[in-house]
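Chain and residue survey
Read off the chains here:
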Amino acid sequence: MIDILKRVYGENEISESDSDDEEFTDINDRLNGIDLNDAEVVWSYLTDSEKADFEHLVKSGDISKILPQFTPWWCLPIEKQIVTEVGENINDSEFPHLITNIPKLSILSKKSPSDCIQWNLVNMITSYVFLIRYYNGKHKSYLSEFINGLYNLSKNLCLNQNFESYDIAVKSVELCIQEHEMFKGFQEGFILINNDLETIFSNGLDSNCNYNIKLALSDIHNLLTMYKNEQKNISLKKTEQGEFNRKFPDAKATYLILVDIKKVRLLLKKIEYFLSWVDESKL
């Protein structure tokens with residue numbers, strides 16, 4: 001919210017109006033010392049005009065146009081990924097933590113993988129890529145929404161649906177996105193998502209052609225683990241909703257199926273199976 005308001009009122013830009021400068025300074029003064037992670041508190045310090053501006057941006061879908069440009073980890077130079085892999089100059093904020101202790105597929109299951117496993121994997125990673133873009137890299141700040149979105153946008157995750165081709169697996173996620181009002185304004189950017197998927201599934205690392213896929217799966221596994229721990233720590237005590245949460249309710253409430261602890265455990269096992277299969281395969 002703060003990033004958006006600052007951009008609306010001219011941060012990082014030279015204002016031509018003294019009144020604009022004063023208004024932006026006034027926001028900084030009012031929010032000085034305030035917990036910026038508490039949306040209700042921040043909302044209570046905004047003027048009616050600022051609240052109206054923010055609400056208009058959210059409802060119109062134009063909010064994405066003023067967010068700072070975000071570069072996901074899979075679009076960073078390959079050289080940086082290689083450096084990260086060998087443990088030099090690692091920036092934890094740029095790349096997911098790669099899970100390396102991957103069990104053999106034969107240990108996880110005695111059955112041979114289904115012929116459609118690679119397309120099921122595509123379906124899940126498409127959901128992941130879209131949501132990383134949708135939250136502009138701030139998905140950890142909206143972890144509950146992110147995990148519930150990941151689950152509901154991937155028919156393989158929520159319904160165990162199998163897919164027979166790459167195109168069908170990707171299209172399924174696109175159709176799911178169109179069913180949700182919260183994604184209004186982001187649907188037209190699906191060409192970018194297709195480019196992202198191409199980057200992930202053909203990343204050019206000859207030494208390990210599945211490196212980006214394993215990074216994506218590792219990230220999903222790590223995020224699910226964070227979500228599981230977060231859910232365990234949530235207080236059962238109900239708290240009264242403030243004005244901000246009444247106007248902008250938790251987006252996970254719009255999903256048909258919510259992810260509970262039991263589902264998380266099953267999802268973690270599924271991701272581990274995918275990781276094991278990818279580790280032993282060459283896509």
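Not measured: the values here are computed from a predicted model. (Residues numbered from 1 in each chain as written. Predicted model: local features only at pLDDT ≥ 70, side-chain atom pairs only at ≥ 80, totals over all residues. Heavy atoms only, no water.)

1. Concerning unusual backbone geometry
How we decide: Each helix corresponds to a stretch of at least 4 residues labelled H or I by DSSP, and each strand to a stretch of at least 2 residues labelled E; elements are numbered beginning at the N terminus.
Positive phi values are uncommon outside glycine, yet Asn-136 reaches one of about 55°. Secondary-structure assignment places Asn-136 in the loop between α7 (117-134) and α8 (143-153).

2. Observations regarding the confidence of the model for the protein
Note the following rule: pLDDT expresses, on a scale from 0 to 100, how confident the predictor is about each individual residue. Residues count as neighbours in contact if any of their non-hydrogen atoms are within 4.5 Å of one another.
Of the residues in the protein, 70% reach a pLDDT of 70 or more, and the chain-wide mean stands at 79. Confidence drops under pLDDT 50 across residues 10-22; counting only partners more than four residues distant or on other chains, this segment forms five contacts. Across residues 86-92, confidence stays below pLDDT 50; counting only partners more than four residues off in sequence or on other chains, it has three contacts.

3. Topic: the packing of α7 against helix α12 (residues 211-233)
Definition in use: All axes here are fitted lines through C-alpha atoms, helices being fitted over the stretch that makes contact, and every angle between N-to-C directions spans 0 to 180 degrees. Here the word oblique covers every angle except those under 35 degrees (roughly parallel), over 145 (roughly antiparallel) and from 65 to 115 (roughly perpendicular). In a left-handed crossing the near helix is turned counterclockwise from the far helix by less than a right angle, and in a right-handed crossing that turn is clockwise. Each residue is assigned to one class: nonpolar for Ala, Val, Leu, Ile, Met, Phe, Trp, Tyr, Cys and Pro, charged for Asp, Glu, Lys and Arg, and polar for all the others, Gly among them.
Two numbers describe how α7 lies on α12: the axes approach to 11 Å, and their chain directions differ by 70°. Between α7 and α12, the angle is such that the two are roughly perpendicular. Read as a crossing pair, α7 and α12 show a hand that is left-handed. Residue-level inspection shows Leu-121, Met-124, Ile-125, Tyr-128 and Ile-132 of α7 in contact with α12, the latter providing Ile-213, Ala-216, Leu-217, Asp-219, Ile-220 and Leu-223. Residue composition of the contact of α7 with α12, grouped by class: ten nonpolar, no polar and one charged.

4. As for the packing of aromatic side chains
As a reminder, the rule being used: In summary, the pairing rule links any two rings of Phe, Tyr or Trp, Trp by its six-membered ring, whose centres are within 6.5 Å, and it sorts them by plane angle into stacked for under 30 degrees, edge-to-face for over 60 and tilted for everything else. Each residue is placed in one exposure class: buried if its accessible area under a 1.4 Å probe, protein chains only, is under 20% of its type's maximum, exposed if it is over 50%, and partly exposed if it falls in between.
Enumeration according to the criterion identifies ten aromatic pairs in this entry. Each ring, one from Phe-130 and one from Tyr-134, has its centre 6.1 Å from the other, and the planes form 20°; the classification is stacked. On the criterion of helical spacing, the pair formed by Phe-130 and Tyr-134 is a turn pair, its members being four residues apart in helix α7. A single burial state applies to Phe-130 and to Tyr-134, both of which are buried.

5. Side note on the nonpolar core
Which entries qualify depends on this criterion: Among buried residues, the Ala, Val, Leu, Ile, Met, Phe, Trp, Tyr and Cys ones that are joined through side-chain atoms within 4.5 Å form a nonpolar core.
Formed by 61 residues in total, the largest nonpolar core has its most connected members in Leu-121, Ile-125, Tyr-128, Phe-130, Phe-183 and Leu-217. For this core, the secondary structure elements donating two or more residues are α7, α8, α9 (155-159), α10 (166-178), α11 (190-201), α12 and α14 (261-279). Counting residues per element, this core draws most heavily on α7, which supplies eleven residues. Apart from the residues within four sequence positions on either side, Phe-183 is in contact with Phe-130, Leu-131, Tyr-134, Leu-153, Ile-177 and Tyr-255.

6. Structural notes on the environment of Leu-266
Mapped onto the elements, Leu-266 comes out in helix α14. Relative accessible area serves as the criterion here: at 55%, Leu-266 is assigned to the exposed category. Considered as a pair, Leu-266 and Leu-157 are 109 residues apart in the sequence and their alpha carbons are 9.8 Å apart.

7. A look at the side chain of Arg-133
Operational definition: Identification of polar contacts relies on pairs of N or O atoms within 3.5 Å, with a donor-acceptor requirement for protein atoms, meaning one able to donate a hydrogen and the other able to accept it, and with residues adjacent in sequence counted only if both atoms are side-chain atoms.
Position of Arg-133 among the secondary structure elements: in helix α7. For Arg-133, the side chain forms a polar contact with the side chain of Asp-196, separated by 2.8 Å. Not counting chain neighbours up to four residues away, the residues in contact with Arg-133 comprise Phe-70, Pro-72, Trp-74, Cys-75, Leu-192, Ile-193 and Asp-196.

8. Describing the pattern of salt bridges
How we decide: Salt bridges are counted wherever a side-chain nitrogen of Lys or Arg sits within 4 Å of a carboxyl oxygen of Asp or Glu.
Summed over all chains, the structure comprises five salt bridges. A salt bridge links Lys-214 to Asp-279, with the nearest nitrogen and oxygen atoms 2.9 Å apart. Separated by 65 residues along the polypeptide, Lys-214 in helix α12 and Asp-279 in helix α14 bring together distant segments of the chain. Residue Lys-214 is classed as buried on the basis of its relative accessible area, which comes to 8%. Using a relative accessible area of 39% as the deciding quantity, one classes Asp-279 as partly exposed.

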